[in-house]
Structures are given as C-alpha cells and as structure tokens.
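Okay, here's what each chain looks like letter by letter:
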Amino acid sequence: MRALTFAPGKQGTLGIEELPEPQPGQGELLVQGLALGICGTDRELAAAEYGWPPPGRERMVIGHESLGRVLESPQGSAFSPGDLVVGVVRRPDPVPCGACERGEFDMCRNGRYTERGIKDLDGYASERWVVEAGYAVRLDPSLESVGMLVEPTSVVAKAWEQIERIGSRSWFEPRTLLVIGAGPIGLLAALLGRQRGLNVHVLDRAPKGLKSGLVEDLGATYHSGTGLEPFADAKPDIIIECTGVGQLVIDAMRTTAAAGIVCLCGLAPGGRSHRVDAGVINRDIVLENDVIFGTVNGNLRHFRDAAAALAQADITWLERLITRRLPLERALEAFEPSHDVKAVIDLPS
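The numbering scheme is per chain: residues are counted from 1 as the chain's sequence reads. Where totals are concerned, whole chains, interfaces and linings use all residues; where local detail is concerned, this predicted model gives features only for residues with pLDDT of at least 70, and gives and counts side-chain atom pairs only at 80 or more. Each side-chain value is worked out from all heavy atoms of the structure, with water and hydrogens disregarded.

**Some remarks on the overall build of the protein**
Line of reasoning, step 1. For the protein, the helix and strand inventory stands at nine helices and 19 strands.
Line of reasoning, step 2. All radius of gyration figures rest on C-alpha atoms, and the globule criterion is 2.2 Å times the number of residues raised to 0.38. A globule of 349 residues ought to have a C-alpha radius of gyration of about 20 Å, and the protein, at 20 Å, matches this closely.
Line of reasoning, step 3. By principal-axis analysis of the C-alpha atoms, the protein measures approximately 60 × 45 × 40 Å.
Line of reasoning, step 4. Think of it in three bands: with a 1.4 Å probe and only protein chains considered, a residue is buried below 20% of the maximum accessible area for its type, exposed above 50%, and partly exposed in between. Going through the 349 residues of the protein one by one, you find that 52% of them count as buried.
Line of reasoning, step 5. Looking at the protein alone, contacts between residues at least 24 apart form 69% of all its contacts between residues at least 6 apart. Elements are defined by DSSP. Helices are runs of H or I of four residues or more, strands are runs of E of two residues or more, and each kind is numbered from the N terminus. By the convention used here, residues are in contact when the closest approach between their heavy atoms is within 4.5 Å.

**With respect to the pairing of strand β10 (residues 128-132)**
Line of reasoning, step 1. Of all five residues making up β10, four are buried, and the element is well covered by its neighbours.
Line of reasoning, step 2. The criterion for strand pairing is that DSSP finds at least two bridges linking the strands in question. Note: strand β3 (residues 28-38) against β10, five bridges, orientation antiparallel. What sits directly across from L30, in β10, is V130.

**Some points on the sheet that holds strand β16 (residues 261-264)**
Line of reasoning, step 1. Taken together, the six strands give an open sheet; going across it, the order is β14-β13-β12-β15-β16-β17, and neighbouring strands pair in parallel fashion. If you trace the sheet from one side to the other, it starts and ends with β14 (221-224) and β17 (291-294), each paired once. Each adjacent strand pair in this sheet contributes to an overall mean axis angle of 15°, direction not counted.
Line of reasoning, step 2. Sheet analysis places strand β12 (residues 176-180) next to strand β13 (residues 199-204), joined by five bridges and oriented parallel. Looking at the pairing, L178 lines up with H201 of β13. To get an axis, a line is fitted to the C-alpha atoms, and for a helix only the part in contact is used. The angle between two axes follows their N-to-C directions and goes from 0 to 180 degrees.

**Here's the deal with the sheet that holds strand β8 (residues 114-116)**
Line of reasoning, step 1. The strand order across the open sheet formed by three strands is β7-β8-β9, and the pairing between neighbours is mixed. In this open sheet, the two edge strands, each paired with only one partner strand, are β7 (90-91) and β9 (120-121).

**Some details on the environment of L121**
Line of reasoning, step 1. You can see L121 is positioned in strand β9.
Line of reasoning, step 2. Here the alpha-carbon distance between L121 and M60, two residues 61 residues apart in the chain, equals 7.5 Å.
Line of reasoning, step 3. Beyond its immediate sequence surroundings of up to four residues, L121 is in contact with P54, M60, V61, R91, T114, E115 and R116.

**Comments concerning the pairing of β16**
One face of the sheet, then the other: side chains in a regular strand alternate in exactly this way.
Line of reasoning, step 1. Bridge count between strand β15 (residues 238-241) and β16: four bridges; the pairing is parallel. Bridged to I240 within β16 is C263.
Line of reasoning, step 2. Looking down the strands as they point away from the viewer, one classifies a crossover as right-handed if the path from the first strand across the helix to the second runs clockwise. On the question of chirality, the crossover connecting β15 to the parallel β16 by way of helix α6 (residues 246-252) is right-handed.
Line of reasoning, step 3. Pairing of β16 with β17 involves four bridges; the strand directions are parallel. Opposite L264, over in β17, you have G294 as the bridge partner.

**Comments concerning the pattern of salt bridges**
Line of reasoning, step 1. One side-chain nitrogen of Lys or Arg within 4 Å of one carboxyl oxygen of Asp or Glu is enough to make a salt bridge. Using the criterion set out here, one finds 25 salt bridges in the structure.
Line of reasoning, step 2. The partner of K158 in a salt bridge is D106, with the nearest N and O atoms 3.0 Å apart. Of this pair, K158 sits in helix α3 (residues 150-167) while D106 is found in the loop between α2 (98-101) and β8, placing the two residues 52 residues apart along the sequence.
Line of reasoning, step 3. Assessed through its relative accessible area of 5%, D106 is described here as buried.

**Considerations on unusual backbone geometry**
Line of reasoning, step 1. Cis geometry marks the peptide bond from V95 to P96; its omega dihedral reads -15°.
Line of reasoning, step 2. Its place among the elements puts P96 in the loop between β7 and α2.
Line of reasoning, step 3. The phi dihedral of A259 is positive, around 60°, even though this residue is not glycine.
Line of reasoning, step 4. Note that A259 resides in the loop between α6 and β16.
Line of reasoning, step 5. For N297, which is not a glycine, the phi torsion comes out positive at approximately 70°.
Line of reasoning, step 6. Of note, N297 is situated in the loop between β17 and α8 (300-312).

**Re the side chain of E127**
Line of reasoning, step 1. Among the structural elements, E127 can be located in the loop between β9 and β10.
Line of reasoning, step 2. Beyond its immediate stretch of four places on either side in the chain, E127 contacts M1, R2, V31, Q32, G33, L328, L347 and S349.

**A few points about the packing of aromatic side chains**
When we look at a pair of aromatic rings, we describe it by the centre distance and by the angle of the planes.
Line of reasoning, step 1. Two aromatic rings, drawn from Phe, Tyr or Trp (for Trp, its six-membered ring), form a pair once their centres lie within 6.5 Å of each other, and the interplanar angle then sorts them: stacked below 30 degrees, edge-to-face above 60, tilted otherwise. On inspection of all chains with the given rule, the structure shows three aromatic pairs.
Line of reasoning, step 2. R90 extends its terminal NZ or CZ atom over the ring of Y113, reaching a point 3.5 Å from the ring centre.
Line of reasoning, step 3. For a ring to carry a charge above it, either NZ of a lysine or CZ of an arginine must fall within 6 Å of the ring centroid while also lying within 35 degrees of the normal to the ring plane. Over the ring of Y113 we find K119, and its NZ or CZ is 4.9 Å from the ring centre.

**Concerning the environment of D217**
Line of reasoning, step 1. Relative to the elements of secondary structure, D217 occurs in helix α5 (residues 210-217).
Line of reasoning, step 2. By relative accessible area, which is 52% here, D217 ends up exposed.
Line of reasoning, step 3. Sequence separation between D217 and V296 is 79 residues; the distance between their C-alpha atoms is 27 Å.
Line of reasoning, step 4. Ignoring any residue separated from it by four or fewer positions in sequence, one finds D217 in contact with W317 and R320.

Below you can see the structure in the form of structure tokens.
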C-alpha cells in the first residue's frame, strides 16, 4: 500500500513509500482512501516547522483533510461498506483535561491531545486507512467529488457555533458579515454566512478573477484591497479574519458595529511590529461590548455540521474551490508554492 509520509522536524523528507496494509482493530472502519486536501498546515509540516511522529517512530503518514469509502465496518456500527466518510482529526488527551473529559477535545486545556497526520498519529494520505467508528462522519453521496472540504469547513462550523453562542448573550440579529481573506477557510466562511442569510462582504488582495467570481456567485460582495477603509462607516456586525495579517487583525478590532464580534481564524508568523493606540482599541471594545476571540480545530459535531452545510451547497460551486487535482505519484507538487485555492491529491491509482 502506498502512502505519503515524512519525518517531522526534518526538511526534504516528504515522499511516497510502501507500507503494510492497515488492519482494523475492534470498533474500527477499514477505508479506501479517495482523496486528500492539502492546506498550509501540511506545507508547514513538510517544511519541518513542527510535527510530532508516533511514539518510537521517525516517520509518519501526513494528511488530515480526508475522504474515503468504507470497505469494512464492525458489526453493530452505524456504517456500512460503500459509505462515504471522513475522519475527525483530533483525539482527546489520555489524562484527560476537563474539556476532553466532556468530549470538547477541540478545546483541550493541557495540550496532550493527538491529531491525525500532525501530532503522534498517522494521517490519512494513504491508499487505505483505518479510523475508529466514533471518529468517522458519513457524508451524503453527492459530496463524493468535494468531501475533502469537510475538514476545513468544520473549522468554520466551529467558528459560527462560537459566534452564535457569544451573540446569544443579548439580542442578536446580525445583518452584515465581513470575511477577511478569500482562501478556502474564508470562502467557506462566506458560504456559511450566506446560508445564514447575512449580507456578506469578502476582502482579499487578489484582483478580480476566480476568487471574486466565487464570492459573487454566492450572492456576496468582493472587495480587492489590503485595508479595511471601505468599512469604516458601514461597520459589519461580524468579522471573520482568516489571514492572520497583524495590521488587519488590529484594524478588525476597531471596525465592527456596537456589540460586534471578531473571530480570528488566521495564523501568521511573528516578527513584525505594528504601531497601535492600545487605549483607543480598549475604549472601543469596552464601550461597545465587543468580543474578539480565536478558534482552531473542530469537534465531532463540527464535522457533522460541516457535512450538512456542504450537502446544502451548490456542488458545482464547491468543485470550483478545487483548483488543482494530482495523482498520488505527483503528490509532492501539491506542496510547492502556487496560486491554488485548494489542491487535492487523488489517492486511487
């Protein structure tokens, strides 16, 4: 069986190797890998920026944006051979912390969680893989061409869950959403915003083209630029920041309407300084009852919410997010710098 593996912490180690066929344990599904989405996390792992192999091993299988079809399922499970599935990424820590003990492992407090393809567990970049039935999510058959988008959508589904929980502290009828960044997370955030009936605006530095077309076909408004000046007067109720760019994060904190919510989904390396008037930002946040929060990862229910949201979406629109598909033997090309919205590796020969 072929798999895409790497040695965490060592550059230039990403490659295809032959591995033994996986053997499902008690309560596990045997899955035929269909496709794998590649994101910035995977590229950072391949560049040896972080990553933790399974205990006692040097190499591990990469990949967390999974899609597969069930080959074998345990008796009495909710799955049957032929089901289209994705695997959840994170597992609770073994101690466990209070959050993991209550099933909220995406909010782990002590950092001892594990993650498929990232931390201590093999990922999904193999022709066949196994997954515990309790960490698999069945997809509607209509999602066969785009099901690998469930994992990034789960991140957005969690963000929306948190936004709505925060909003429910008082009267909450948001009308306008601003999404900063039109990568996969930003575009999926815009999709879920439109599914909620919001007036959606997306800001990205890319000129008019594929991204603007995707945004406009959602019934949203695209803005090409690098700053939030267009929103200084007509302030959005919600901002979802997906770039991690420091100046945009700072500006977002000052750009919402009263009782506004800023959700930070983007990550960027440190090392850049920005001059800010912290007093003004503090005053705005306090006097307007604003909330700024960060979110990462997704729980089992967020994967299920993501699968439901994608099943309601226009499949042809989702397919346009996938701008490059490569066979497994050319998988390394998906890790090279490009202008892709989403690169996908097709696992079957």
